[in-house]
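# Fold and contact review
If you want the building blocks of each chain, they are given just below.
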Amino acid sequence: MKSLFILLAALSLGSLSSDAANPPPTVSPPTELAFGIISTESSTGLRLGFEPLLEKLSARLGIKVRGFYASDYAGVIEAMRFGKVHLAWMGNAAAIQAIDRAGAEVFAQSTGPDGSTGYNAVIIVPATSPYTDVDALVAAAPQLNFGNGDPLSTTGNLIPNFYLWAPRGIDPRRAFKRVRNANHEVNALAVAAGQIDFATNNTESLTRLRQRHPEAAAKLRVIWTSPEIPRDPLVYRADLPRELKTKLQAAFLAFGRIGPEAEADRRLLAAIADGWGPFLTADNRQLLTLRRFELERDAMILDAEIRLDPAEKAQRVAAALERQQQLLDYEKLGLFWNGVKAPR
């Protein structure tokens, strides 16, 4: 496994090096804030849930906070990179990219309405499906249509790849008859309607689906559940003025906990996204385990790749070794990752 751990992480190094050579522009103190919101369901549903939160935050911060709704995770990251988004709700995998490419920093973690700090990735099939486990899906792969998540989704892509496809040496794009990428709600509805044979999803989104589309949810069956992973972080640009960052973190941490409207705030949080409770303080260390998953997943994929030129593979291994050492240094020293080499 050690040899696997050090390999394909280098695939992402090219884009990271390019970003380092062309850093995002410095952000001037904003006159209003754009809050990036990841696409886990229809934009209409997201707006209905988030606008009341944004209005309350605007009033409490004394600065306008508007929503930035992108069609995919990459859209939010690129908008943050070029100063069009100042803070965002992202999955763990997307937050890693935001840190590395857009100068972001984790400042809070979401919780569930029940106070839970974790959730699970799942694989769903129609309730009437003959498939009862992942091995059965793999055996029938050439005949199956797969609803995969956004490429930067934690539960829609990273976790299933790490636990299911990479250990089996499977590239879903080649193994299954057809693979389409969509958000969790779209994929779940497509499985319920029999348009695709199975899909990735997560326990938070399925809870939301049962509330909004109970008939569709009743037509689904979960055949695989991942170990628990941390709930989504909130990030802001690290180059925002220190006073503004302190004010933002304080506002989010107080929401639903402090003040005469705390109870109403908690009801508001429970009604948006996949259902939130009050926020917890967090930093980039939340993502270290997921970074390790990325390295291991990509290593397993490269280990199964037989078409690479040996010299190219050796070059990627050398670069990945340095990437691995960076991660180990940060974990050893208890530092949070900020895209540069940790001191030794």
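Scope of this entry: the structure provided in the associated data block. Source: prediction; values computed, not measured.

## Considerations on the packing of aromatic side chains
Going through the model one piece at a time under the given rule, you end up with 19 aromatic pairs. For the pair Phe35 and Phe50, a centre-to-centre distance of 6.1 Å together with 90° between the ring planes defines the contact as edge-to-face. Of this pair, Phe35 sits in strand β1 (residues 32-37) while Phe50 sits in helix α3 (residues 43-61), placing them 15 residues apart in sequence. Among the residues examined, Phe35 registers a relative accessible area of 1% and is labelled buried. Owing to a relative accessible area of 0%, Phe50 belongs among the buried residues under this scheme. Summarising the aromatic geometry, the rings of Tyr163 and Trp224 are spaced 6.3 Å apart at their centres and angled 50° between planes, so their arrangement reads as tilted.

## Points about the sheet that holds strand β4 (residues 104-111)
Strand order in the open sheet formed by 6 strands is β2-β1-β3-β12-β4-β13, with mixed pairing between adjacent strands. What marks the edges here is a single partner per strand, and that holds for β2 (64-69) and β13 (277-281). In this sheet, neighbouring strand axes are inclined to one another by 30° on average, regardless of whether the strands run parallel or antiparallel. Note: strand β3 (residues 87-89) against strand β12 (residues 233-237), 3 bridges, orientation antiparallel. Bridged to Trp89 within β12 is Leu234. Of the strands in this sheet, β1, β3, β4, β12 and β13 touch helix α12 (residues 242-254), which is tilted by about 140° from β13.

## With respect to empty space enclosed by the protein
Throughout the structure, instances matching the rule amount to 3 cavities of 30 Å³ or more. There is about 70 Å³ of room inside the second largest cavity. Each residue belonging to the lining of the second largest cavity can be placed in one class, and the counts come to 4 nonpolar, 7 polar and 3 charged.

## A closer look at the sheet that holds strand β8 (residues 178-181)
For sheets, the rule is that strands pair by backbone hydrogen bonds, running either parallel or antiparallel. A sheet is described by the order of its strands in space; here 5 strands give the open sequence β8-β7-β9-β6-β10, paired in mixed fashion. Taken across any chain shown, the strands that pair with only one partner, and hence form the sheet edges, are β8 and β10 (220-225). When the angles between neighbouring strand axes are averaged without regard to direction, this sheet yields 30°. Here strand β6 (residues 121-126) runs beside β10; their pairing, made up of 5 bridges, is antiparallel. For Pro126, the partnering residue across the bridge sits in β10 and is Leu220. Contacting β6, β7 (145-148), β8, β9 (198-202) and β10, helix α7 (residues 154-165) runs over the sheet at an angle of about 110° to β9.

## Side note on the pattern of salt bridges
Overall, the coordinates contain 15 salt bridges when judged by the stated rule. A salt bridge links Arg101 to Glu78; its shortest N-O distance comes to 2.6 Å. Of this pair, Arg101 sits in helix α5 (residues 92-102) while Glu78 sits in helix α4 (residues 73-81), placing them 23 residues apart in sequence. With a shortest N-O distance of 3.5 Å, Asp171 and Arg174 are connected by a salt bridge. For Arg174, a relative accessible area of 56% puts it in the exposed group. One salt-bridge network, held together by shared partners, links Lys56, Arg60, Glu261 and Asp265.

## Section: helix α13 (residues 262-270)
Buried within α13 we find Ala262, Asp265, Leu268 and Leu269. Along the axis of α13, the buried residues cluster in a sector spanning 115°; they form a single face. Exposed residues lying more than 90 degrees from the buried face of α13 are Glu263 and Arg267.

## Looking at the environment of Pro278
Mapped onto the elements, Pro278 comes out in strand β13. The spatial distance from the C-alpha of Pro278 to the C-alpha of Thr111 is 6.3 Å, given a sequence separation of 167 residues. With sequence-adjacent residues up to four places away left out, Pro278 is seen in contact with Thr111, Phe255, Gly256, Arg257, Arg266 and Leu269.

## Observations regarding helix α9 (residues 184-192)
Along α9, 7 of the 9 residues are buried, which leaves the element largely enclosed by surrounding structure. Here α9 has its buried residues at His184, Glu185, Asn187, Ala188, Ala190, Val191 and Ala192. N-capping of α9 is provided by Asn183, with a side-chain oxygen placed 3.1 Å from the backbone N of Glu185. Immediately downstream of α9, the backbone of Gly194 shows phi near 75°, a positive value.

## Remarks on the nonpolar core
The biggest cluster of nonpolar side chains holds 80 residues, and the ones touching the most others in it are Phe50, Trp89, Met90 and Trp276. Of the residues forming this core, the biggest block, 7 residues, is contributed by α5. Core analysis: the next-biggest nonpolar cluster, separate from the first, contains 13 residues, Ile124, Ala192, Ala199 and Ala216 among them.

Rules of the game
- Residues numbered from 1 in each chain as written.
- Predicted model: local features only at pLDDT ≥ 70, side-chain atom pairs only at ≥ 80, totals over all residues.
- Heavy atoms only, no water.
- Phe/Tyr/Trp six-rings, centres within 6.5 Å; stacked < 30°, edge-to-face > 60°.
- Helix = DSSP H or I, 4+ residues; strand = E, 2+ residues; numbered from the N terminus.
- Buried < 20%, exposed > 50% of the residue type's maximum accessible area, 1.4 Å probe, protein only.
- Pairing = 2+ DSSP bridges.
- Axes fitted to C-alpha atoms, helices over the stretch in contact; angles between N-to-C directions.
- Contact = heavy atoms within 4.5 Å.
- 1 Å grid on protein atoms, 1.4 Å probe; cavity = no way out; pocket = protein on both sides within 12 Å on 5 of 7 lines; lining within 4 Å.
- Points joined across faces, edges and corners; volume = space filled by probe spheres on them.
- Nonpolar A, V, L, I, M, F, W, Y, C, P; charged D, E, K, R; others polar.
- Salt bridge = Lys/Arg side-chain N within 4 Å of Asp/Glu carboxyl O.
- Arc of directions from axis to C-beta.
- Polar contact = N/O pair within 3.5 Å; in protein donor to acceptor, adjacent residues only side chain to side chain.
- Core = buried A, V, L, I, M, F, W, Y, C linked by side-chain atoms within 4.5 Å.

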